[in-house]
Amino acid sequence: MDASAEQVAQAPTEYLLHLADNALILGQRNAQWCGHGPILEEDLAQANISLDLIGQARLLYDLVARRADDGSTEDTYAYFREDSEFRNYTLLELPHHGPLVGYAQGDLDYAVTITRNFLYSALMAPLWHQLAAGGDADLAAIAAKSFKEASYHLRHARDWLIKLGDGTETSHARMQAALDHLWPYTHEFWSDSALDQRAQSAGLGLEPQELAADWHALVNDALTEAGLTCPTTAPGYVTQGKQGIHSEHLSRLLTELQSLARAHPGAQW
Amino acid sequence: MSDNGTSTHAAPTHGDGGATESRIWTLLEQVSDPEIPVISLLDLGVVRAVRWADPGWEVVITPTYSGCPAMTQMADDIVSVLAAAGLSVRVCTQLAPAWSTDWISESGRCKLRDYGIAPPAMRSPGLAAHDSGGTAAQRVLRFVPRAAASPAVPCPRCGSSHTHLSSQFGSTACKAQYRCQACSEPFDYFKPY
């Protein structure tokens, strides 16, 4: 593949998988809205966002497969890894509703969907922006495309966050509840790990402090406009999805995602 | 990289087989976008290069959206149109520089408008992927440009600028839905990318 920048660095495989898994898992999760959206336009919006996210995941898995040069393909990574091999943030695998006991399932709550899309895309727009100027040219090429898409997702989620947060008493209360529920999971963005350390020292152009400043500025700016209160609770348990330690929800999501490919290996349609 | 990202198809640059190369470019004008058939892939700006890569000719395309399901169809259509003319080519994909709606040709923009799709506004330089600097608060504006900063989208039917966004997403990844308040018609807007 031709690329605009010189290849002077190479992203660790586990970091590429982390980026890809984030996109795949949120893409699959949001695709649950297909046919169930609160209004037709938002049904289309979530399907389109999933299309972008799964497209990003495919480009990244394909890059991993080409570098591995071991006969693996994008499908190997999406369909034939176990849950503990996935490196996505725990935030992204959670169902579209507030906390419930164990495997209990609630109705899909659009407040959770919008709030999560907002918190994630506010991280990814600045992160892709950094990676697009980084030393791994193949990754930079994917990041330059993903940046455009993440910025648009951010604008969509931000608009709805404000519309609902600054809407009726009910919509405001539901947005605040969603924010209070999801916020503790965002601490994982900033927790130190071997994965982050290896990525930072690989010459990818990652500036964690600038990223955190951008994320907080984006989040605070929107929450203020939405009239929502940023939770201030100190981090308790910090989730470790990026290290492969997940909630029970990932296993259920992957079962659905992977069942067809596992039942019919090599099937084409 | 064979292209600077501003011209979609430069004049043939390879001395050998320049005639074949020109012929391929001409034939590519007949390959239409699978989802918006009124414009060609050349109008769309996805064909980045035509080159000789031993042992055959290669057409280099760049994806639009990362997840655009039409990409495979585009590659298949290129191969079949050229095969019908007796030319065997290989289609390969190049990601960088990232496709931009700024590469849609002037004639492509006219065809989109005639078809009822408002063509994309040119992206402002402030939205370029590689500008940086400023405080975090200033960068918020780069990541989430305020609505006021985007120009009004004129209605492709009546030309009125009195239009409003009804949905940021539409029937394909590349479009948003608008409604014209002058003629009351809904229309698609090709989003700047």
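Conventions adopted
- Residues numbered from 1 in each chain as written.
- Chains lettered and ligands numbered in written order.
- Predicted model: local features only at pLDDT ≥ 70, side-chain atom pairs only at ≥ 80, totals over all residues.
- Helix = DSSP H or I, 4+ residues; strand = E, 2+ residues; numbered from the N terminus.
- Rg over C-alpha atoms; globule rule 2.2 N^0.38 Å.
- Buried ≥ 20, exposed ≤ 12 C-beta atoms within 10 Å, placed from the backbone.
- Pairing = 2+ DSSP bridges.
- Contact = placed C-beta atoms within 7 Å.
- Expected span 1.5 Å × (residues − 1).
- Axes fitted to C-alpha atoms, helices over the stretch in contact; angles between N-to-C directions.

Novice: Outline the overall build of chain A, supporting the account with residue identities and numerical values.
Specialist: Check the secondary structure of chain A and you find ten helices and zero strands. The order of α-helices and β-strands along chain A, N terminus first, is α-α-α-α-α-α-α-α-α-α. In summary, chain A has a C-alpha radius of gyration of 18 Å against a globular reference of 18 Å for 269 residues, a match within 12%. In terms of principal-axis extent, the alpha carbons of chain A reach across some 55 × 45 × 35 Å. Among the 269 residues that make up chain A, the fraction classed as buried is 47%.

Novice: Go over the pairing of strand S1 (residues 47-53) of chain B, please, and point to the residues and values.
Specialist: Residues and elements named next belong to chain B. Where S1 lies against strand S2 (residues 56-61), six bridges are found, and the strand directions are antiparallel. Residue pairing in the sheet places Val47 in a bridge with Ile61 of S2. Linking two consecutive strands that pair antiparallel, namely S1 and S2, is a turn of two residues.

Novice: Could you give an account of the environment of Lys191(B), naming the residues involved and the relevant values?
Specialist: Residue and element names in this part refer to chain B. Tracing the backbone through its elements, the reader meets Lys191 in the segment after strand S7 (186-190). Spatially, the C-alpha atom of Lys191 lies 14 Å from that of Pro156, the residues being 35 residues apart in sequence. Leaving out residues up to four positions away in the same chain, Lys191 has contacts with Pro120, Cys174, Lys175 and Ala176.

Novice: I'd like a rundown of helix H9 (residues 208-226) of chain A, residues and numbers included.
Specialist: For H9(A), spanning 19 residues, the distance from its first C-alpha to its last is 27 Å, which sits close to the expected 27 Å at 1.5 Å a residue. Of the surrounding secondary structure, the elements contacted by the buried residues of H9(A) are helix H4 (110-132), helix H5 (137-165) and helix H6 (169-182) of chain A together with helix H5 (136-143) of chain B. Where H9(A) terminates, the next one or two residues include Gly227(A), which has phi positive at roughly 70 degrees.

Novice: Residues and numbers for the sheet that holds S1(B), please.
Specialist: Residues and elements named next belong to chain B. Strand order in the open sheet formed by three strands is S1-S2-S3, with mixed pairing between adjacent strands. Edge positions in the sheet fall to S1 and strand S3 (89-93), since each has one partner strand and no second. Strand after strand, the sheet turns through a mean of 25 degrees between neighbouring axes, direction not considered. Each of S1, S2 and S3 is contacted by helix H1 (residues 18-28), which is oriented at about 145 degrees to S1, the strand it contacts most. Contacting S2 and S3, helix H3 (residues 71-84) crosses the sheet at an angle of about 160 degrees to S3.

Novice: Describe in detail unusual backbone geometry, supporting the description with residues and values.
Specialist: Residue Pro55(B) is reached from Asp54(B) by a cis peptide bond, and omega for that bond is 15 degrees. Within the secondary structure layout, Pro55(B) lies in the loop between S1 and S2. Going from Ala96(B) to Pro97(B), the amide bond is cis rather than trans, its omega being -5 degrees. With phi around 50 degrees, Asp69(A) is a residue other than glycine that occupies positive phi space. Mapping Asp69(A) onto the fold places it in the loop between helix H2 (40-68) and helix H3 (74-79). With phi around 65 degrees, Ser184(B) is a residue other than glycine that occupies positive phi space.

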